[in-house]
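The lines below spell out each chain.
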Amino acid sequence: ELTDVALSPSNVLYGIGFNALYTVSQQTGAATLLKNVSTGSINGADVSPDGTLWVSGGSELATLDPQSGAVAFVASFPTGSTSSGDLAWVGDRLLATAVGGGGDELVEFDVAGKSSKVLGPCGFGCIWGLAAYGATLYGLTCEGRVLAIDTTTGAAKQLATSTATFWGASAR
């Protein structure tokens, strides 16, 4: 079961499950197991502009080496927050949705400083998909909502609704 997807700068579409890494055909959607991963809780992923695969799950942010399957811890989500379901690089900033005190909130990671901070509440729950397109951050929810998320405050505005349940997203 895939919990998220992440499109690399080299156009490789990765899929993640709670404990596995896949490649996903962009033509057919077929997922092929690449590596089993020993964390058991991965639910968010994105690939940075330099090609590094970043993953989140539970209260942790890590890198995942697609060749070896090795997971390397980088930082924790802020105290009281856990990964809601996705990561997105917006320029040189790594953002995530987190479940905190109520609905989802937007979190920013300082990967060099190995820290994180809450930017603010989104106003919606189960934002399991994030997709950055240029400087715009879109959120997709388990309830079929398509959102625009302010990358400074975390506040989200609903743009559309769908009958789909979104489990992840990615854009380049």
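Above this text is the structure in question.
Figured I'd write up the structure that's included with this text. Every value quoted in this text rests on a predicted model; they were computed, and no experiment measured them.

1. Structural notes on the state of the cysteines
Moving on, step 1. The full count for this structure, using the stated rule, is 1 disulfide.
Moving on, step 2. The partner cysteine of Cys 126 in its disulfide is Cys 142, sulfur to sulfur 2.0 Å. A torsion of -80° about the S-S bond marks the disulfide between Cys 126 and Cys 142 as left-handed. Here Cys 142 lies in the loop between strand E14 (136–141) and strand E15 (145–149) and Cys 126 lies in the loop between strand E12 (115–121) and strand E13 (127–133), a separation of 16 residues in the sequence.

2. Remarks on the packing of aromatic side chains
Moving on, step 1. Taken as a whole, this structure holds 3 aromatic pairs when the rule is applied.
Moving on, step 2. Note on Phe 77 and Phe 109: the rings are 5.0 Å apart at their centroids and 90° apart in plane angle, and the pair reads as edge-to-face. Residue Phe 77 is located in the loop between strand E8 (71–76) and strand E9 (82–90), and its partner Phe 109 is located in strand E11 (residues 104–110); the two are separated by 32 residues in the primary sequence. Accessibility assignment for this pair places Phe 77 and Phe 109 in one class, buried.

3. Observations regarding the pairing of E11
Moving on, step 1. In terms of burial, E11 is a largely internal element, 6 of the 7 residues being buried.
Moving on, step 2. Of the strand pairs in this sheet, strand E10 (residues 93–99) and E11 are connected by 6 bridges, and their pairing is antiparallel. Counted as the bridge partner of Leu 95 is Glu 108 from E11.
Moving on, step 3. Linkage of E10 to E11, two consecutive antiparallel strands, is achieved through a turn of 4 residues, within which Gly 102 is found at a positive phi near 120°.
Moving on, step 4. For E11 and E12, the ladder comprises 6 bridges, and the chain directions are antiparallel.

4. A few points about the environment of Thr 32
Moving on, step 1. Along the chain, Thr 32 falls in strand E4 (residues 31–36).
Moving on, step 2. Considering only alpha carbons, one finds Thr 32 and Ala 70, 38 residues apart in sequence, at a separation of 18 Å.
Moving on, step 3. Contact partners of Thr 32, with chain neighbours within four places excluded, come to Leu 21, Tyr 22 and Thr 23.

5. Brief notes about the nonpolar core
Burial of nonpolar side chains together is a common tendency in soluble globular proteins.
Moving on, step 1. Counting 14 residues, the largest nonpolar core has Leu 106, Ile 127, Leu 137 and Ile 149 as the members making the most contacts within it.
Moving on, step 2. Secondary structure elements with two or more residues in this core: E9, E13 and E15.
Moving on, step 3. No other element matches E13, which puts 3 residues into this core.
Moving on, step 4. Not counting the four nearest positions on each side in its chain, Ile 149 is found in contact with Leu 106, Ile 127, Leu 130, Leu 137, Tyr 138, Gly 139, Gly 154, Ala 155 and Ala 156.

6. Let's talk about the side chain of Ser 83
Moving on, step 1. Mapped onto the fold, Ser 83 is located in strand E9.
Moving on, step 2. Polar contacts involving the side chain of Ser 83 include one to the side chain of Asn 43, which spans 2.7 Å.
Moving on, step 3. Apart from the residues lying within four places of it in its own chain, the contact partners of Ser 83 are Asn 43, Ser 56, Gly 57, Gly 58, Phe 77, Thr 97 and Ala 98.

7. Considering the sheet that holds E13
Moving on, step 1. Across the sheet, 4 strands lie side by side as E13-E14-E15-E16; this open sheet has antiparallel pairing. Because the sheet does not close on itself, it has two edges, and the strands there are E13 and strand E16 (156–161). Pairs of neighbouring strands in the sheet enclose a mean axial angle of 30°, with direction left out of account.
Moving on, step 2. Bridge analysis of E13 against E14 gives 6 bridges, and the strand direction is antiparallel. Looking at the pairing, Gly 129 lines up with Leu 140 of E14.

Basis of the calculations
One numbering rule holds for all chains: residues counted from 1, following each sequence as written. Note on the predicted model: pLDDT of at least 70 is required for a residue's local features to be given, and 80 or more for side-chain atom pairs to be given and counted; whole-chain, interface and lining totals, by contrast, use all residues. To obtain the side-chain values, all non-hydrogen atoms of the structure were included, while hydrogens and water were left out. Cysteine sulfur atoms that come within 2.5 Å of each other are treated as a disulfide pair. What counts as a helix is a DSSP run of H or I of at least four residues, what counts as a strand is a run of E of at least two, and both are numbered from the N terminus. Pairing of aromatic rings covers Phe, Tyr and Trp, the last through its six-membered ring, and needs centres within 6.5 Å; plane angles under 30 degrees mean stacked, over 60 mean edge-to-face, and all others mean tilted. For each residue, the accessible area found with a 1.4 Å probe, counting protein chains only, is set against the maximum for its type, and the residue is called buried under 20%, exposed over 50%, and partly exposed in between. For two strands to pair, DSSP has to find at least two bridges joining them. Contacts were defined at the residue level, with two residues in contact if any of their heavy atoms lie within 4.5 Å. Among buried residues, the Ala, Val, Leu, Ile, Met, Phe, Trp, Tyr and Cys ones that are joined through side-chain atoms within 4.5 Å form a nonpolar core. Definition of a polar contact: a pair of N or O atoms within 3.5 Å, with one able to donate and the other able to accept a hydrogen when the atoms are protein atoms, and with sequence-neighbouring residues admitted only if both atoms are side-chain atoms. To obtain each axis, a line is fitted to C-alpha atoms, and for helices this fit is confined to the stretch in contact; angles are then taken between N-to-C directions over 0 to 180 degrees.

Keep in mind these values describe shape, not function.
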